[in-house]
Amino acid sequence: MSLSMVRVDENRKEEEDPLLESQLYQKGVKHLSENVVAKLPKKYIWPVSERPNNATKGEVPYTFKSNLNLPIIDFAELEGSNRSQILKALANACEHYGCFQVVNHGIPCDVTSSMMDVGKRFFELPFEEREKYMTSNMHSPVRYGTSFNQSKDRVFSWRDFLKFMCHPLSDMLPHWPSSPMDFRKLAVAYVNETKHLFLMLMEAIVESLGLAITNNNITRQDNDNILEELKDGSQLMVVNFYPPCPEPHLTLGMPPHSDYGFLTLLLQDEVEGLQIQFQEKWVTVQPIPGSFVINVGDHLEIFSNGRYKSVLHRAIVNSTRPRISVASLHSVPVTTTIRPCPKLTTETNPRRYMDTDFATFLEYASSSEPKKKNFLESRKLI
Ligand SMILES: O=C(O)CCC(=O)C(=O)O
Ligand SMILES: [Fe+2]
């Protein structure tokens, strides 16, 4: 295909052949950023009200730069005499922010940096190699793609991604990319470490909800057996790649959404881009090298009967630096029903969400455009 066919002119009258043009967009933004454009193609231009605000042309759109201190949880302190204080901080973060950063989490630095590095090398492979994993099938164990849902999105997002399922590991592993050659080895180490950290965090979160968890008086009913379910639960890894964008103030790397699971463990490089909504404003999460951003997902909001809130977040892009993030999404097994924990509902605080399961979510996600917290809204009883 001749790229000149989609070269963007001054007035953004770009399309000579809509079919060729859409084929080009389907190849993703890495391809686009390497081949065309001094201006952003129309397909990526978001309505004014949804663009990153406060940015002028050519600037990196750092909205509301750093006037928020996102809670930082020192994971090592959870094991010490400060545990009850840290649990309070955790509860506060999950109730009021839906998000916190974890430092001293115990995952070796070479495991996190190798995952970032091999993710980056995957996106450096020739397109023909990456293309092998392109599919619109949401149930596929591995999926390479662009935007959010490239067969449905009317406006595209400036992101390419690689998603791979991780549970059960031995069944999933043979489907993962075989190139770069060390991809599987490094990703397995990362998957195991993040799963362990997720379970430790959930143990603390269950305790912070007032559900007994001490070794001597743990009761199955109290925590509704949730920790056991999570041990055998689903894990999805998403590597996001955001190349430099010619007009970042007009687009988004990822539109506002909440994650579906219990928690997402997000590893980001040193380039800013993640924003969370806090008190109706978009706030940039300052990367802390080696730390994880932890997002409360919809399933934890449901389990806690609305006490902990899933966080609305999005990614913005910039004109100079590529950015990578790796999200690890965790939940119960795909066949398990998710419902408010009975211990957290009372006559005066009745159940706020109806039963839901993964199948319903996947159905929803593949049939409609993601809009904010719409899925969760559709599960609300009151
Ligand atoms: O890249 C980011 O910072 C956000 C990624 C994200 O929200 C996701 O993968 O669900
Ligand atoms: Fe997300």
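The shown structure was predicted, so the numbers you read here are calculated from the model rather than taken from an experiment.

**Describing the overall build of the chain**
Okay, step 1: Broken down by element type, the chain carries 13 helices and 12 strands.
Okay, step 2: Pairs at least 24 residues apart make up 76% of the contacts formed inside the chain by residues separated by at least 6 positions.
Okay, step 3: Carbon together with sulfur atoms contributes 51% to the accessible area of the chain, which is approximately 16900 Å² in total.

**Structural notes on the confidence of the model for the chain**
Okay, step 1: Mean pLDDT over the chain: 87, with 85% of residues reaching 70 or higher.
Okay, step 2: Low pLDDT (under 50) marks residues 1-10, which in the prediction has 22 contacts with non-local residues, meaning those over four places away or in another chain.
Okay, step 3: Here residues 55-64 is a poorly scored stretch, pLDDT under 50, and it has 24 contacts once near neighbours within four places are set aside; other chains count.
Okay, step 4: Predicted as a complex, the structure gets a pTM of 0.90 and an ipTM equal to 0.99.

**Some details on the coordination of the iron ion (ligand 2)**
Okay, step 1: Distances from the iron ion (ligand 2) to its protein donors, namely His257 (NE2), Asp259 (OD) and His313 (NE2), fall within the range 2.1 to 2.3 Å.
Okay, step 2: Mapping the donors of the iron ion (ligand 2) onto the primary sequence yields the spacing H-x1-D-x53-H. Taken as a pair, Asp259 in the loop between β6 (254-257) and β7 (263-268) and His313 in strand β11 (residues 313-315) lie far apart in primary sequence, 54 residues in all. The pair formed by Asp259 and His313 is uniform in burial state, with each residue classed as buried.

**Structural notes on unusual backbone geometry**
Okay, step 1: A cis amide bond, omega -10°, links His167 with the succeeding residue Pro168.
Okay, step 2: Tracing the chain through its elements places Pro168 in the loop between β4 (160-165) and α7 (169-172).
Okay, step 3: For the peptide bond that leads from Ser179 to Pro180, omega is -5°, which places it in the cis range.
Okay, step 4: Within the element layout of this structure, Pro180 appears in the loop between α7 and α8 (183-208).
Okay, step 5: In the Ramachandran plot, Gln279 falls in the positive-phi region, its phi being about 45° despite a non-glycine side chain.
Okay, step 6: By the element assignment, Gln279 lies in the loop between β8 (274-278) and β9 (281-284).
Okay, step 7: The phi dihedral of Glu280 falls on the positive side, at around 65°, and the residue is not glycine.

**A few points about the sheet that holds β8**
Okay, step 1: With respect to topology, four strands assemble into an open sheet ordered β6-β11-β8-β9, the strand pairing being antiparallel. Edge positions in the sheet fall to β6 and β9, since each of these pairs with one other strand and no more. Across the sheet, the axes of successive neighbouring strands diverge by a mean angle of 25°, strand direction being ignored.
Okay, step 2: Bridge count for β8 against β11 is three bridges, and the pairing is antiparallel. Its bridge partner lying in β11, Leu274 is registered against Ala315.

**Looking at the packing of helix α4 (residues 83-96) against α8**
Okay, step 1: As a packed pair, α4 and α8 sit with axes 9 Å apart at the nearest point and diverge in direction by 85°. Looking at the two axes, α4 sits roughly perpendicular to α8. Residues Arg83, Leu87, Leu90, Ala91 and Cys94 of α4 form the contact with α8, whose own contacting residues are Ala204, Ile205, Glu207 and Ser208.
Okay, step 2: Broken down by class, the residue content of the contact of α4 with α8 amounts to six nonpolar, one polar and two charged.

**Points about the domain arrangement of the chain**
Okay, step 1: Splitting the chain by domain gives domain 1 (1-45) and domain 2 (47-379).
Okay, step 2: Taken together, the contact pairs 16 residues of domain 1 with 25 residues of domain 2.
Okay, step 3: Roughly 1700 Å² is buried in total at the junction of domain 1 and domain 2, and carbon and sulfur atoms are behind 60% of that figure.
Okay, step 4: Here domain 1 and domain 2 share zero salt bridges between them.
Okay, step 5: Where domain 1 meets domain 2, there are eight residue pairs in polar contact (both at pLDDT 80 or more).
Okay, step 6: For the side of domain 1 that touches domain 2, the secondary-structure elements that each account for two or more residues are α1 (18-26) and α2 (29-35).
Okay, step 7: Here the element with the most residues in the side of domain 1 that touches domain 2 is α2; it accounts for four residues.
Okay, step 8: Taken together, the residues of the side of domain 1 that touches domain 2 sort by class into eight nonpolar, three polar and five charged.

**Considering the packing of helix α5 (residues 109-124) against α8**
Okay, step 1: Contact geometry for α5 and α8: axes closest at 9 Å, N-to-C directions at 135°. Looking at the two axes, α5 sits oblique to α8. Here α5 runs over α8; the crossing is left-handed. Contact residues: Val111, Thr112, Ser114, Met115, Val118 and Arg121 in α5; Phe183, Leu186, Ala187, Ala189, Tyr190 and Glu193 in α8.
Okay, step 2: Residues belonging to the contact of α5 with α8 are distributed by class as follows: eight nonpolar, two polar and two charged.

**Quick look at the nonpolar core**
Most often, soluble globular proteins have nonpolar side chains that are buried together.
Okay, step 1: Counting 69 residues, the largest nonpolar core has Phe164 and Met202 as the members making the most contacts within it.
Okay, step 2: The element best represented in this core is α8, accounting for 14 residues.
Okay, step 3: Not counting residues up to four positions away in its chain, the partners in contact with Met202 are Leu227, Leu230, Phe262, Leu263 and Leu300.
Okay, step 4: Within the second largest apolar cluster, 21 residues are counted, among which are Val238, Ile276, Phe278 and Leu329.

**A closer look at the site of ligand 1**
Okay, step 1: Lining the immediate surroundings of ligand 1 are Asn240, Tyr242, Met254, His257, Asp259, Leu266, Leu274, His313, Arg323, Ser325 and Ala327.
Okay, step 2: The side chain of His313 places a nitrogen or oxygen atom 3.0 Å from an oxygen atom of ligand 1.
Okay, step 3: One of the side-chain nitrogen or oxygen atoms of Ser325 is found 2.7 Å away from an oxygen atom of ligand 1.
Okay, step 4: Protein contact buries 96% of the 300 Å² of open area that ligand 1 shows by itself.

Criteria and cut-off values
- Residues numbered from 1 in each chain as written.
- Chains lettered and ligands numbered in written order.
- Predicted model: local features only at pLDDT ≥ 70, side-chain atom pairs only at ≥ 80, totals over all residues.
- Heavy atoms only, no water.
- Helix = DSSP H or I, 4+ residues; strand = E, 2+ residues; numbered from the N terminus.
- Contact = heavy atoms within 4.5 Å.
- Areas by Shrake-Rupley, 256 points an atom, 1.4 Å probe, with all protein chains shown as cover.
- pLDDT = per-residue confidence, 0-100.
- Donors = N, O, S within 2.8 Å, 3.2 Å for Na, K, Ca; no water.
- Buried < 20%, exposed > 50% of the residue type's maximum accessible area, 1.4 Å probe, protein only.
- Pairing = 2+ DSSP bridges.
- Axes fitted to C-alpha atoms, helices over the stretch in contact; angles between N-to-C directions.
- Parallel < 35°, antiparallel > 145°, perpendicular 65-115°, else oblique.
- Nonpolar A, V, L, I, M, F, W, Y, C, P; charged D, E, K, R; others polar.
- Domains from an automatic or database assignment.
- Buried area = accessible area lost by both parts, 1.4 Å probe.
- Salt bridge = Lys/Arg side-chain N within 4 Å of Asp/Glu carboxyl O.
- Polar contact = N/O pair within 3.5 Å; in protein donor to acceptor, adjacent residues only side chain to side chain.
- Left-handed = near helix turned anticlockwise from the far one by under 90°.
- Core = buried A, V, L, I, M, F, W, Y, C linked by side-chain atoms within 4.5 Å.
- Near = heavy atom within 4 Å.

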